[in-house]
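# Inside the fold
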Amino acid sequence: MASYNESEFLICLASKLMEDGTTAFVGTGIPMLAAALAKRMHAPNLVPIFEFGGTGASLEKLPLGVGDSRTFHKAVAASGICDIMETACRGFVEYGFLGGAQIDPYGNLNTTVIGKYWPPKVRLPGSGGANDVASFCWKTIVIMRKHDTRSFVPRIDFLTTPGYLTGPGAREKAGLPPGAGPYRVVTNLALMDFEPASRRMRLIATHPGVRVEDVLKATGFELLVADKVTVNPEPTDKELRLLREEIDKDRYYI
Amino acid sequence: MNVIESGVGELFQPPDPDGFREWVHTRKNTRMVDKVMSEQDAVARFVADGDYLGTELYGTVRAPMSLVRETIRQGKKHLRVAGQGIHEIDLLLAADLVDTLDITYIAWEVYGISSCLRRAVESGRVRTADWSNGGITWRFKAAAMGVPFLPVRSMLGTDTLKYSAAKVIEDPFTGKPICLLPALFLDVGLIHVHKADKYGNCRVEGISGFVHEMSRASKKLIVSTEEIVSTDEIRKYPEQTVIPYYLVDAVVEAKYGSHPGEMCYRYWRDGEHLQSFLKDSADPAKTKVYLDKWVYGVKNHAEYVNLVGTDRLRQLESEIGGR
């Protein structure tokens, strides 16, 4: 087993969550690398969907943005943002892969501001397509590069993108399509799901060498713990080779 | 109809479908006339101080960079801007020409966040209202349909809605809450395309982004194009026309008009240039040096292209890859 860094681990784990033959909204960054890896490993028939119009790109080359030409290289369709978002709204997109600056126990995300709304202490990029993706995709998977008490907080400063909002039934009450919501959270320490009754985040697996108490300590809210916490698989040599030699040769991420 | 929630965000451009119709009736021309002009003339004639401005696609992808640089050179100020952008909005913010932003996402994707945005908004210089990417495009779509709003199932339950100017009502058909987005009619739209004829019939290749919606939501529309083609060529493949001539007020020939962004099937992004700007933009003084060199320091797009240099552009052409 070769040694690997945190980014590589995160990408490999996120990649394993991508299911062959499904449609998946792919955001900038780790989700792109994870999708590129998944297509070369277990999910050759994964259909990556990019918000500005690319459907089913080959991902032979790593896109650097959600609208660049690699998001529709050898794709099955190149349409536009309305078509893509409306397709998701009609229920055609299974997975949505997102990131955020802050996340709360219900999987709500903040990518807008730190501090008050205006003028803010820190102005972050904004929703982009994330709010739409999390509103419409059946299962949202959140990727957080740094699992710590600054980003895993009881209350986020601004609710940019909906998780389960305030708990069971809240999405439906707000008018969002039923049956959809956050599914997994992947971090540099662990893998979480959402406990069905409370819709609160729950630890289900840790990375090798990470203890349950390490994860709890790094989380700024009460994290539920599954009855059986498993250990996430390490990246294989093949995955690492693909990442380093093919997917991210220019080292944008790893 | 029962309004459940009203966003507290400022409506920087209230919807006015009848005003738009009136504009079309009195100011637009449905005759095919030659609209080819220089970027100086196009911006001088069709961009005014205080205008509400939109750009398409975004920052590093088929963006109307040459038109944005000309807008900055001419110092068009107090602009209100719709932003899902990167480099183009950063430049407008850095030049201090923007008063308000309907923002969806302004950052550098793979490269990081926007220092220009942070300075402009955190200092309180630029006022904002937030929307999602889908949300702002549906606002263009509403305008394109000539209606005052569109119902959508996005933004619900979030602060993105709360700090926008959207409303939530009880849908009279299903009884469920639904988000109403106000139509966004632009005073002026700037769009860069692959091919156009002299009348303004336009084609783009690859994804269409929001070219359909924004071109139809713009009172005034300036198109820049990599190449001017004959109308016979347009008429041979009419299904490829994404913008018909009557929407367009000016056609500007601008080969490499999206540089330092990419233009699919023509040239790849200039990563070195973009990353160097991003680095410089962390420092206001260095941002000014960038603007002095690449925007104010050249008279027009032709001089800009010379400054970038043929070797560099050839290199980017070789990097884009085919179909």
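Below: a short report on this structure.

How each quantity is defined
- Residues numbered from 1 in each chain as written.
- Chains lettered and ligands numbered in written order.
- Predicted model: local features only at pLDDT ≥ 70, side-chain atom pairs only at ≥ 80, totals over all residues.
- Helix = DSSP H or I, 4+ residues; strand = E, 2+ residues; numbered from the N terminus.
- Rg over C-alpha atoms; globule rule 2.2 N^0.38 Å.
- Buried ≥ 20, exposed ≤ 12 C-beta atoms within 10 Å, placed from the backbone.
- Contact = placed C-beta atoms within 7 Å.
- Pairing = 2+ DSSP bridges.
- Axes fitted to C-alpha atoms, helices over the stretch in contact; angles between N-to-C directions.
- Nonpolar A, V, L, I, M, F, W, Y, C, P; charged D, E, K, R; others polar.
- Parallel < 35°, antiparallel > 145°, perpendicular 65-115°, else oblique.
- Left-handed = near helix turned anticlockwise from the far one by under 90°.
- Core = buried A, V, L, I, M, F, W, Y, C linked by C-beta atoms within 7 Å.

What follows deals with the overall build of chain B. Summing up its helical and strand segments, chain B has 13 helices and twelve strands in all. Over its C-alpha atoms chain B spans a radius of gyration of 19 Å, differing by no more than 12% from the 20 Å that the globule rule assigns to 323 residues. The principal-axis extent of the C-alpha atoms belonging to chain B is close to 60 × 50 × 40 Å. For chain B, buried positions account for 54% of its 323 residues. When contacts within chain B are restricted to residue pairs at least 6 apart in sequence, long-range pairs at least 24 apart make up 77% of them.

A separate point is the overall build of chain A. When its secondary structure is counted, chain A shows seven helices and 14 strands. The C-alpha radius of gyration of chain A comes to 17 Å, within 12% of the 18 Å expected for a compact globule of 254 residues. In terms of principal-axis extent, the alpha carbons of chain A reach across some 45 × 45 × 35 Å. Counting over 254 residues, chain A shows a buried share of 57%. Sequence separation of at least 24 residues holds for 63% of the intrachain contacts in chain A that already meet a minimum separation of 6.

Moving on, we get to helix 2 (residues 30-40) of chain A. Residues and elements named next belong to chain A. Counted residue by residue, helix 2 has ten buried out of eleven residues, so it is predominantly covered. Every buried residue belonging to helix 2 is among Ile30, Pro31, Met32, Leu33, Ala34, Ala35, Ala36, Leu37, Ala38 and Lys39, and all of these are buried. Of the surrounding secondary structure, the elements contacted by the buried residues of helix 2 are helix 1 (6-16), strand 1 (23-26), strand 2 (47-49), strand 5 (95-99), strand 10 (139-143) and helix 7 (237-247).

Ser115, Cys116, Leu117, Ala120 and Val121 of chain B are the residues of helix 5 (residues 115-122) of chain B that are buried. In the core, the buried residues of helix 5 of chain B are packed alongside strand 9 (122-123) of chain A together with helix 4 (87-94), strand 4 (98-106), strand 5 (127-130) and helix 11 (284-296) of chain B. Of the residues trailing helix 5 of chain B, Gly124 of chain B is marked for its positive phi of about 80°.

Moving on, we come to the sheet that holds strand 8 (residues 177-182) of chain B. All names here are of chain B. Across the sheet, which stays open at both edges, the four strands sit in the order 1-7-8-6 with antiparallel pairing between neighbours. Of all the strands in the sheet, the pair left with one neighbour each is strand 1 (3-6) and strand 6 (149-152). The mean inter-strand angle of the sheet, taken between neighbouring strand axes irrespective of direction, is 30°. Across three bridges, the pairing between strand 1 and strand 7 (residues 167-170) is antiparallel. Looking across to strand 7, one finds that Ser6 is bridged to Lys167.

All right, on to the interface of chain A and chain B then. The partner chain B presents 50 residues to the 48 residues of chain A that form the contact. Mapped onto the side of chain A that touches chain B, the elements with two or more residues apiece are helix 3 (81-89), strand 9, helix 4 (130-136) and helix 5 (170-174) of chain A. Element by element, the count of residues in the side of chain A that touches chain B is highest for helix 3 of chain A, at four residues. Tallied by class, residues from the side of chain A that touches chain B come to 24 nonpolar, 19 polar and five charged.

All names here are of chain A. Closest axis-to-axis distance for the helix 1/helix 2 pair is 8 Å, and the angle between their directions is 60°. Compared by their axis directions, helix 1 and helix 2 come out oblique. Here helix 1 runs over helix 2; the crossing is right-handed. Of the residues in helix 2, those touching helix 1 at Leu10, Ile11, Cys12, Ala14 and Ser15 are Ile30, Pro31, Leu33, Ala34, Leu37 and Ala38. The residue inventory of the contact of helix 1 with helix 2, partitioned by class, reads ten nonpolar, one polar and no charged.

Next up on the list: the environment of Gly7 of chain B. Mapped onto the fold, Gly7 of chain B is located in the loop between strand 1 and helix 1 (17-27). Along the backbone, Gly7 of chain B and Lys198 of chain B are 191 residues apart, and their C-alpha atoms lie at a distance of 43 Å.

All names here are of chain A. Buried residues dominate strand 5, accounting for four of its five residues. Examined bridge by bridge, strand 5 and strand 10 share five bridges and lie parallel to one another. Bridge assignment links Gly99 to a residue of strand 10, and that residue is Ile143.

Among the nonpolar cores identified, the biggest contains 168 residues, and Leu92 and Val223 of chain B are the most heavily contacted of them. Counting residues per element, this core draws most heavily on helix 2 of chain A, at eight residues. Beyond its immediate stretch of four places on either side in the chain, Val223 of chain B contacts Ile191, Val193, Ala196, Gly200, Cys202, Ile243, Val248, Ala250 and Val251 of chain B. Judged by nonpolar contacts, the second largest core, of six residues, contains Tyr256, Met263, Cys264 and Leu316 of chain B.

Moving on to the packing of helix 2 (residues 39-46) of chain B against helix 3 (residues 65-73) of chain B. Residue and element names in this part refer to chain B. At a closest axis distance of 10 Å, the pairing of helix 2 and helix 3 adopts a crossing angle of 65°. Relative to helix 3, helix 2 is oriented so that their crossing is right-handed. Touching Glu39, Gln40 and Val43 of helix 2 are Ser66, Leu67, Glu70 and Thr71, all from helix 3. Of the residues contributing to the contact of helix 2 with helix 3, the split by class is two nonpolar, three polar and two charged.

So, about unusual backbone geometry. For the peptide bond that leads from Trp118 of chain A to Pro119 of chain A, omega is -15°, which places it in the cis range. Position of Pro119 of chain A among the secondary structure elements: in the loop between strand 8 (113-114) and strand 9. Each neighbour pair has its own omega, and for Glu56 of chain B with Leu57 of chain B the value is 5°, a cis peptide bond. Among the secondary structure elements, Leu57 of chain B is positioned in the loop between strand 2 (52-56) and helix 3. Although it is not a glycine, Leu165 of chain A adopts a positive phi angle of roughly 55°. Locating Leu165 of chain A in the fold gives a position in the loop between strand 10 and helix 5. Despite not being glycine, His78 of chain B shows a phi value in the positive range, around 55°. Tracing the chain through its elements places His78 of chain B in the loop between helix 3 and strand 3 (79-85).

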